[in-house]
Amino acid sequence: MEEESALRPMDAEQLREQAHKMVDFIADYYKTIEDFPVLSQVQPGYLGKLLPDSAPDSPESLQNVLDDVQEKILPGVTHWQSPNYFAYFPSNSSIAGFLGEMLSAGLNIVGFSWITSPAATELETIVLDWLAKAFQLPDYFYSSGKGGGVIQGTASEAVLVVLLAARDKILRRVGRNALPKLVMYASDQTHSALLKACQIAGINPELCRLLKTDSSTNYALSPDVLSEAISNDIAGGLVPFFLCATVGTTSSTAVDPLPALGKIAKTNKLWFHVDAAYAGSACVCPEYRHCIDGVEEADSFNMNAHKWFLTNFDCSLLWVKDRSSLIQSLSTNPEFLKNKASQGNMVIDYKDWQIPLGRRFRSLKLWMVLRLYGLDGLRSHIRNHIELAANFEELVRQDTRFKVVAPRTFSLVCFRLLPHPNSADHGNKLNSDLLDSVNSTGNAFITHTVLSGEYILRFAVGAPLTERRHVNMAWQILQDKATALLESL
Ligand SMILES: *Cc1c(COP(=O)(O)O)cnc(C)c1O
């Protein structure tokens, strides 16, 4: 490599030139994204065969690296931004979100305390208040009251920090030796992140009550089942302390009945957390806001702006009713971080609202998204996907070989290919074969779940590039593969 082209770490003119090349590379990627198999088709360990055993001793050119990205990395990428991506839940990218990430990378601040970049803290507080208003959250979730919002990396971190706050709060009340008696409640549809949080928080695994749901409540948690479990536990000398309700479960987007659950939580003094990681985005539309009716009784509320809200990963929004609980569990105040603003209680130090010390300037990208699309832009983004999912649901209903197996509330359709009536495994293998067969085409990517013991296909619309024709093509592939499978039986 020639001397004059060697990159210095922070040369503004080199940055301008190289970053332009990178932007061109990314724009070309988006332009050709449909040419790649949406689900990566490589085998485990593929990359070790393509890359050298050690890092280079001397610098290489960006072009060399980009060539490798094209040839060696992209084949191992699953294209979450492809319009043919219908798996899990979406993970939106957008130009605004991307620009915000770029700016955040450019400034590269570490905003743990207010003093480390006052704008990072204050912008975060402001955009979370903006969104509290947009989602019509109760007043006490605003920073002007006793609560406030904070950006976490993921919903998993959000539920962990509130669980820790709830644990410490109850232990302050009943004594530290009650830890082995604490009981947590959620439905069996709750995200696995909650159990992981309980594991980290030292909650007795036998007292993590994942209450059974079934098709009779569309997989929502029944208040009666919850009341009964709490009564039994109290009678057994245990200490109920935490309830997690989900709005839009991961398997089937079931919506737990917040008003009834909140009442029970209040009566029994449980911390009431509402996990709306995916579906929370829809509540920016007035016609979906009712899905979080009852959030007024919640102690904490979480939604992932990085799923379906045009904000690049990661950006998980958490509001708490009483920030002092969170701070009591998570604050530290070493000498080397002391400063006048913090000591004088004049500012928020978000380091005390999260697990790590260091934190990124994530509010920039959220602010960019809110300003460059506006709430109306976000609303039409959501409505468009819900309409596309409704179209897909209609297509499934018209083909009597298939069945829609759970109500579609947002942009996820759960369905399956009906098996022969005397199929030994209720068509589980048939549907798993259908999934593999569709995904191996590389022209669509869908995932599955199990509901009531049955293997179910999930079709989640939400990639910003997805249009009606992509949904129709995915359905055509599903139909063709189903025909082939049924004929081969
Ligand atoms: C996606 C999801 C999570 C986990 O989200 P992360 O941000 O990846 O931790 C938790 N709960 C629900 C309901 C989800 O949909």
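Everything here concerns the structure above.
To start, this report covers the structure provided alongside it. (Residues numbered from 1 in each chain as written. Predicted model: local features only at pLDDT ≥ 70, side-chain atom pairs only at ≥ 80, totals over all residues. Heavy atoms only, no water.)

Below, the discussion takes up the sheet that holds strand E10 (residues 447-451). In space, the four strands of this open sheet follow the order E8-E9-E11-E10, with antiparallel pairing throughout. The open sheet terminates on both sides in strands that have one partner only, identified here as strand E8 (402-404) and E10. Between one strand axis and the next, the sheet turns by 40° as a mean value, whatever way the strands run. In the sheet, strand E9 (residues 412-417) pairs with strand E11 (residues 454-460) via four bridges, with the strands oriented antiparallel. Paired with Phe415 across the bridge in E11 is Leu457. (Pairing = 2+ DSSP bridges. Helix = DSSP H or I, 4+ residues; strand = E, 2+ residues; numbered from the N terminus. Axes fitted to C-alpha atoms, helices over the stretch in contact; angles between N-to-C directions.)

In the vicinity of the ligand there are 14 residues, among which Ala155, Ser156, Asp275, Asn304 and Lys307 approach most closely. The contact in question runs from an oxygen atom of the ligand to an N or O atom on the side chain of Ser156, over 2.5 Å. In the environment of the ligand, an oxygen atom lies 3.4 Å from a nitrogen or oxygen atom belonging to the side chain of His306. Contributions of two or more residues to the shell around the ligand are made by helix H5 (155-174) and helix H9 (305-308). Taken together, the residues of the shell around the ligand sort by class into four nonpolar, eight polar and two charged. (Near = heavy atom within 4 Å. Polar contact = N/O pair within 3.5 Å; in protein donor to acceptor, adjacent residues only side chain to side chain. Nonpolar A, V, L, I, M, F, W, Y, C, P; charged D, E, K, R; others polar.)

In the structure shown here, the tally under the stated rule is 24 salt bridges. A salt bridge links Arg383 to Glu287; its shortest N-O distance comes to 2.6 Å. With Arg383 in helix H12 (residues 363-398) and Glu287 in the loop between strand E5 (271-275) and strand E6 (300-304), this pair connects stretches of sequence that are 96 residues apart. For Arg383, a relative accessible area of 35% puts it in the partly exposed group. Residue class for Glu287 comes out partly exposed when judged on its relative accessible area of 37%. With its nearest N and O atoms 2.9 Å apart, the salt bridge here joins Arg401 to Asp399. When its relative accessible area of 25% is taken as the criterion, Arg401 is described as partly exposed. (Salt bridge = Lys/Arg side-chain N within 4 Å of Asp/Glu carboxyl O. Buried < 20%, exposed > 50% of the residue type's maximum accessible area, 1.4 Å probe, protein only.)

Here we come to the packing of aromatic side chains. Throughout the structure, instances matching the rule amount to 22 aromatic pairs. With centroids separated by 5.5 Å and ring planes inclined at 45°, the aromatic side chains of Tyr29 and Tyr30 adopt a geometry described as tilted. According to the relative accessible area criterion, Tyr30 is partly exposed, its value standing at 32%. Each member of the aromatic cluster is reached from another via a ring pair, and the members are Phe86, Phe392, Phe402, Phe415, Phe459 and Trp475. When the ring centre of Phe89 is taken as origin, the NZ or CZ atom of Arg458, which lies over that ring, is 4.9 Å away. (Phe/Tyr/Trp six-rings, centres within 6.5 Å; stacked < 30°, edge-to-face > 60°. Lys NZ or Arg CZ within 6 Å of the ring centre and 35° of its normal.)

Ranked by size, the top nonpolar core spans 72 residues in total, and within it Phe301, Leu317 and Trp319 carry the most contacts. Considering each element in turn, this core owes the most residues, eight residues, to H12. When near neighbours in sequence (up to four residues on either side) are disregarded, Trp319 contacts Leu128, Leu131, Ala132, Phe135, Leu137, Phe141, Gly148, Gly149, Asp299, Ser300, Phe301 and Met303. Counting 35 residues, the second-largest nonpolar core is a separate cluster that includes Val150, Ala158, Ala165 and Met184. (Core = buried A, V, L, I, M, F, W, Y, C linked by side-chain atoms within 4.5 Å. Contact = heavy atoms within 4.5 Å.)

Right, let's talk about a nonpolar patch on the surface for a bit. Taken together, the side chains of Val23, Ile95, Leu99, Met102 and Leu372 make up a nonpolar region of the molecular surface, amounting to roughly 440 Å² of accessible area. For the nonpolar patch, the element with the highest residue contribution is helix H3 (residues 95-107), accounting for three residues. (Patch = residues over 30% accessible without salt bridge, like charges linked within 9 Å, V, L, I, M, F, W, Y side chains within 5 Å. Areas by Shrake-Rupley, 256 points an atom, 1.4 Å probe, with all protein chains shown as cover.)

The subject of this paragraph is the pairing of strand E2 (residues 182-187). In terms of burial, E2 is a largely internal element, six of the six residues being buried. Here E2 shows two buried faces, one formed by Leu182, Met184 and Ala186 and the other by Val183, Tyr185 and Ser187. Of the pairings in the sheet, the one linking E2 to strand E4 (residues 239-246) comprises four bridges and is parallel in character. Bridge pairing in E4 links Met184 to Phe242. Note that E2 and strand E3 (residues 208-211) share four bridges and pair parallel. If you follow Ala186 over to E3, its bridge partner there is Leu210.

Okay, unusual backbone geometry next. Between Phe313 and Asp314 the backbone carries a cis peptide bond, its omega angle lying at 5°. For Gln136, which is not a glycine, the phi torsion comes out positive at approximately 50°. Here Gln136 is to be found in the loop between helix H4 (118-134) and strand E1 (148-152).

The analysis is restricted to geometry; functional conclusions fall outside its scope.
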